[in-house]
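Notes for the structure review
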Amino acid sequence: MRRPFALLAGVLLAGACALPASAADGGSPGDQGFTIKDPKITESSGLAASRLHPGVYWTHNDSDDGPYIYAVDSRTGKTVATVTLRGIGSPRDVEAISVGPDDQIYVGDIGDNLGGKWPYVWIYRLPEPKVLEDRTVTATQYVVKYSDGPRNAESMVVDPKTGRVYIIDKNEDGGHLYEGPERLSASGANIFRPVAPVDLWATDAALSPNGRQLAVRGYFGGIYYDWNGGRIKREGRLNVPLQGQGESVSYSPDGTRLLFGSEGADSAVQAQDAPEGAATASESPSASGSSAPGGGSGGLGGGNVTTGAVVVAVGVAVLFGVRRLRRRGRG
């Protein structure tokens, strides 16, 4: 509400610059995008591809839901398993989910709607169920503190090779990547320390399955980085689709696609080609002739330029129309 015109312009530009998902030859049908149809999932805030069950994505609600995560079949959009976490207390503001080594699911109860007032937050870890059915699973709870004080965060990733956990704080002017200890401890606090700046108001992040690339998304765009064991290097922009409240991102299991989710009932998960380097050469979309997103120039094809121009033109008309009405109101 502080800068309504700037936010509206950001939404319009995001819509103008976002490229439609191209049809990939490989992967599951769900890797082309899907709609979450479970009426219980109205605030999907995190997304992670299953390693054990092809085509299944794990998600969860934001807050006021309980200790639940949901396995969604991307072919149908329907929930195929609801997992209740046992032994963790009452979740506060769950914002992220990631699958680490040894098929371990990590759930980030790391949000802080009070703007960094809570002295600690939590991470929960549980084994991914081998059979998809409604069940209760015992989870391990870890206390998390930041070396430079409390903060709000919505992004958490787990290195697929080392199992180390990282968090990106949510800051409108850009945040930082925080590195956790080599191994989380269930006794005492786990101190996360800043290791690199992140040039985005981050709402979620994901690591490619090959451990080489970090994708970070926000409401109006995204950035991808060379991971390099957490010593990240910015590589280019992501073509994030225009969504009502963009809250989640995940790589497909083969690393060829990025899937972007949003909050809301019947929320759509939209797919884009992942940048080059997230998958092996044989799996990469660019190897089959389709272009990878991002890059410094952010060039668009002819059809997208036309669409973008229309969006921007409509946006300018809306902005000027609102301002004229405000002037008349003052008169």
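These lines cover the structure that appears in this document, whether it is placed above or below.

Definitions and limits used
Residues numbered from 1 in each chain as written. Predicted model: local features only at pLDDT ≥ 70, side-chain atom pairs only at ≥ 80, totals over all residues. Heavy atoms only, no water. Helix = DSSP H or I, 4+ residues; strand = E, 2+ residues; numbered from the N terminus. Buried < 20%, exposed > 50% of the residue type's maximum accessible area, 1.4 Å probe, protein only. Contact = heavy atoms within 4.5 Å. Areas by Shrake-Rupley, 256 points an atom, 1.4 Å probe, with all protein chains shown as cover. Core = buried A, V, L, I, M, F, W, Y, C linked by side-chain atoms within 4.5 Å. Pairing = 2+ DSSP bridges. Salt bridge = Lys/Arg side-chain N within 4 Å of Asp/Glu carboxyl O. Axes fitted to C-alpha atoms, helices over the stretch in contact; angles between N-to-C directions. Phe/Tyr/Trp six-rings, centres within 6.5 Å; stacked < 30°, edge-to-face > 60°.

In terms of helices and strands, the protein carries two helices and 21 strands. The proportion of buried residues among the 331 residues of the protein is 49%. Partitioning the intrachain contacts of the protein with sequence separation of at least 6 by distance along the chain shows that 53% fall at a separation of at least 24. With an accessible surface of roughly 14,700 Å², the protein has 51% of that area assigned to carbon and sulfur atoms.

Attention now goes to the environment of Lys145. The topology assignment puts Lys145 in strand β10 (residues 140-146). The partly exposed category is assigned to Lys145, whose relative accessible area is 34%. Along the chain, Lys145 and Ile191 lie 46 residues apart, while their C-alpha atoms are 5.0 Å from each other.

With that settled, consider the nonpolar core. Ranked by size, the top nonpolar core spans 19 residues in total, and within it Ile69, Leu85, Ile105, Val107 and Leu126 carry the most contacts. Listing elements by their share of this core, those giving two or more residues are β3 (56-60), β4 (68-73), β5 (78-86), β6 (96-100), β7 (104-109) and β8 (121-127).

Another point: the pairing of strand β20 (residues 257-262). Put simply, side chains in a regular strand alternate between the two faces of the sheet. When you tally the buried positions in β20, you get six out of six residues, the bulk of the element. Neither face of β20 is left uncovered, since the one carrying Arg257, Leu259 and Gly261 and the one carrying Leu258, Phe260 and Ser262 both have all their residues buried. Bridge count between strand β19 (residues 246-251) and β20: five bridges; the pairing is antiparallel. Note that in β20 the partner of Ser248 across the bridge is Gly261. Here β19 folds back onto β20, and the loop between the two strands holds five residues, one of which, Gly255, carries a positive phi near 80 degrees. Pairing analysis gives four bridges linking β20 to strand β21 (residues 268-273), with the strands arranged antiparallel. Its bridge partner being in β21, Leu259 is matched across the sheet by Ala271. The turn linking β20 back onto β21 is made up of five residues, and Gly264 within it adopts a positive phi angle of 115 degrees.

By the definition in use, this model includes ten salt bridges. Here the salt bridges do not stand alone but share partners, grouping Asp148, Arg151 and Asp169 into one network.

This part takes up the sheet that holds β19. On the basis of which strands lie adjacent, the open sheet formed by four strands has the order β1-β21-β20-β19 and antiparallel pairing. Looking at strand neighbours, the two that pair on one side only are β1 (33-35) and β19, the edges of this open sheet. Sheet twist, expressed as the average angle between the axes of neighbouring strands with direction ignored, equals 20 degrees.

Okay, the packing of aromatic side chains next. Where two aromatic rings form a pair, the distance of their centres and the angle of their planes describe that pair. Scanning the entire structure with this criterion turns up six aromatic pairs. Centre to centre, the rings of Tyr146 and Tyr178 are 5.1 Å apart; their planes meet at 75 degrees, and the pair counts as edge-to-face. Taken as a pair, Tyr146 in strand β10 and Tyr178 in strand β13 (residues 175-179) lie far apart in primary sequence, 32 residues in all. A relative accessible area of 1% places Tyr178 in the buried class.

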